Amino acid sequence: MSAPTTARATTPAEDRSQVLGEFRDIRSRGRWRFRLALLGPAFVVAVAYVDPGNVATNVEAGARTGYMLVWVVVLANVMALLVQYLSAKLGLATGRNLPEQCRELAPRWLSRLLWAQAELVAMATDLAEFAGAAVGLSLLFGMPIPLAAVVTAVVSFAVLACQQRGCRAFELAIMALLLLVLAGFAYDLLTVGRQSPADAMAGLVPHLSGGTTALLAAAIIGATVMPHAVYLHSALTQHRVRTDRPGDRRLLLRYLRIDCTLGFTLAGAVNLGMLCLSAALFRHTESGDLDAITAAHDDLGRTVGGGAAMAFAVALLASGISSASVGTYAGQVVMRGFLRRRIPLFARRTLTMAPALLCAGLPVTATLVLSQVVLAFGIPFALAPLVVITRRRDLMGPLANRPATTAAGALVCALVICLNAYLVVTMVQGG
């Protein structure tokens, strides 16, 4: 009878050989397959930038203020590109995600505080995703909102099942939904016409005219520079392609920049298209107390045709389903990173979607906009640690931020804090 075998611990040299073997295997697939294999994480994260919260804030901004807040949409997407690049670089350079780094470097009380606020932000995110997808189902099939929210939960479970088949299957499913969102809003924008290029260019001049525009500006930024997306991107890159050779890492960093540029430029174009579509639809209409999302859908059907209205509803539904799945994945990263605890993805989805299902009967657009304002107040809690950590050469090595990059990240954080403070002061004075 042979003695039982035991697993032999690998040596550092063997570990390094395995890591280099993984990288060589990817490079051996050919130039284009190698390039495509390195793309994907930014497109997954970009789904969070075109979720129902973005739809609500951009459509509401276009309905209430026309093209006035075009500059906020552009600024928010430029900020998001920098922030997500820093997050992705953190995962590549350290092999750890942002919540894990915060747990290791911050005092225990601060780490728990960051986790608690991240969970509150996740609930606000789930609220937007489920409400938006439920409205999409309701507009398509006349389904009651509470029932539509339950159907959304079931479909999001199906998308999450793709993750169990590997990260690439999950990425491809999310990328397909992202392209569906893009196609829907692009079709509507092209068929509506009635654009005013001069007014859109004038909207690039920074201007806020009071409480309503400040609220919408905060909501647009909260819907774009989303805290859970910052946490998630570092997790998507931390183990995706491993190598410890400086030349290989520089190559991966170059493709990481390409991935971020493509993914977030696409998301930014969709966001800008949403606002311009709404501004054109409501150009000669008094917005009053209308619900901007349902009013936009009805106006599309009345003035353009049923196809445009259906494209709007399908895009809204796709954005909700895809972002709901990505949000659950991000929540798992947050809990595992800050607390070193892990629960099954499906159990977490059941827990986090409960508040969203309870709020399913509330006014849709107003609820979505307010949820995005909550996200705006959570941004500094993710962004400040990110900027501090990515500037440290002892952690990041040669991929540490240059002084100009650190200054740009600090400026983004300061701008968000100032806008949040301005919103609070405006609301207090207005109240």
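For the structure given in this document, a descriptive report is provided here. (Residues numbered from 1 in each chain as written. Predicted model: local features only at pLDDT ≥ 70, side-chain atom pairs only at ≥ 80, totals over all residues. Heavy atoms only, no water.)

A tally of regular secondary structure across the chain gives 19 helices and 0 strands. Put simply, the chain has 431 residues, and 55% of those count as buried. Within the chain, contacts between residues at least 6 apart in sequence are counted, and of these 85% link residues at least 24 apart. Of the roughly 18500 Å² that the chain leaves accessible, carbon and sulfur atoms contribute 65%. (Helix = DSSP H or I, 4+ residues; strand = E, 2+ residues; numbered from the N terminus. Buried < 20%, exposed > 50% of the residue type's maximum accessible area, 1.4 Å probe, protein only. Contact = heavy atoms within 4.5 Å. Areas by Shrake-Rupley, 256 points an atom, 1.4 Å probe, with all protein chains shown as cover.)

Every buried residue of helix α6 (residues 98-105) is listed here: Leu98, Pro99, Gln101 and Cys102. Angularly, the buried residues of α6 cover 160° about the axis, an arc narrow enough to put them on a single face. N-cap assignment for α6: the residue whose side-chain oxygen lies 3.0 Å from the backbone N of Glu100 is Asn97. (Arc of directions from axis to C-beta. Polar contact = N/O pair within 3.5 Å; in protein donor to acceptor, adjacent residues only side chain to side chain.)

Time to look at the nonpolar core. If you look at the biggest cluster of nonpolar residues, it comprises 127 residues, and the most contacted ones within it are Phe185 and Ile221. Broken down by element, the residue count for this core peaks at 17 residues, all from helix α13 (residues 246-281). Ignoring any residue separated from it by four or fewer positions in sequence, one finds Phe185 in contact with Val55, Val270, Met274, Leu277, Phe312 and Ala315. (Core = buried A, V, L, I, M, F, W, Y, C linked by side-chain atoms within 4.5 Å.)

Looking now at helix α14 (residues 292-303). Its 12 residues give α14 an end-to-end C-alpha distance of 16 Å, which sits within 8% of 16 Å, the value for a rise of 1.5 Å per residue. By the burial criterion, the buried members of α14 are Ala292, Ile293, Ala295, Ala296, His297, Asp299 and Leu300. Among the residues trailing α14, Gly305 stands out with phi positive, at a value near 145°. (Expected span 1.5 Å × (residues − 1).)

Before going further, it helps to examine the pattern of salt bridges. Per the stated rule, a full pass over the model turns up 5 salt bridges. Across the salt bridge formed by Glu60 and Arg64, the nearest N and O atoms sit 2.7 Å from each other. Of this pair, Glu60 and Arg64 are both found in helix α4 (residues 52-65), 4 residues apart, which corresponds to roughly one turn of the helix. In this structure Glu60 comes out as buried when scored by relative accessible area, which is 12%. Overall, the relative accessible area of 29% leaves Arg64 in the partly exposed class. Across the pair Arg96 and Glu104 runs a salt bridge whose closest N-O atoms are separated by 4.0 Å. (Salt bridge = Lys/Arg side-chain N within 4 Å of Asp/Glu carboxyl O.)

In this section: the packing of aromatic side chains. This model, assessed by the stated rule, comprises 3 aromatic pairs. Ring geometry for Phe185 versus Phe312: centroids 5.8 Å apart, planes at 85°, classification edge-to-face. Of this pair, Phe185 sits in helix α9 (residues 167-192) while Phe312 is found in helix α15 (residues 306-339), placing the two residues 127 residues apart along the sequence. Judged on exposure class, the residue Phe185 and its partner Phe312 are both buried. When the ring of Tyr231 is compared with that of Phe338, the centres are 5.9 Å apart and the planes differ by 85°; the resulting orientation is edge-to-face. One end of the pair, Tyr231, is in helix α12 (residues 227-238); the other, Phe338, is in helix α15, and 107 residues separate them in sequence. Relative accessible area serves as the criterion here: at 1%, Phe338 is assigned to the buried category. (Phe/Tyr/Trp six-rings, centres within 6.5 Å; stacked < 30°, edge-to-face > 60°.)

A few words now on empty space enclosed by the protein. Inspection of every chain in the model, using the stated rule, returns 4 cavities of 30 Å³ or more. Of the pockets and cavities examined, the largest cavity occupies roughly 150 Å³. Of all elements in the fold, only α5 (70-94), α12 and α13 reach the threshold of two or more residues within the lining of the largest cavity. Looking at the lining of the largest cavity residue by residue, the class counts come to 9 nonpolar, 2 polar and 2 charged. Taken as a whole, the second largest cavity holds about 60 Å³ of empty space. Residue assignment for the lining of the second largest cavity shows that the elements contributing at least two residues are α7 (108-141), α12 and α15. (1 Å grid on protein atoms, 1.4 Å probe; cavity = no way out; pocket = protein on both sides within 12 Å on 5 of 7 lines; lining within 4 Å. Points joined across faces, edges and corners; volume = space filled by probe spheres on them. Nonpolar A, V, L, I, M, F, W, Y, C, P; charged D, E, K, R; others polar.)

Let us look at the side chain of Ser371. Of note, Ser371 is situated in helix α17 (residues 364-390). Residue classification places Ser371 among the buried positions, given a relative accessible area of 4%. At 2.9 Å, the side chain of Ser371 and the side chain of Gln372 are in polar contact. If near-sequence neighbours (up to four positions away) are discounted, Ser371 is found in contact with Ala124, Leu127 and Ala128.

For Asn54, the position within the fold is in helix α4. For Asn54, a relative accessible area of 1% translates into the label buried. If we ignore the near neighbours within four places in the chain, the residues touching Asn54 are Ala48, Tyr49, Ala223, Thr224, Asn271 and Met274.

Following the sequence through the fold, Leu386 ends up in helix α17. Looking at Leu386, the relative accessible area reads 0%, which means it is buried.

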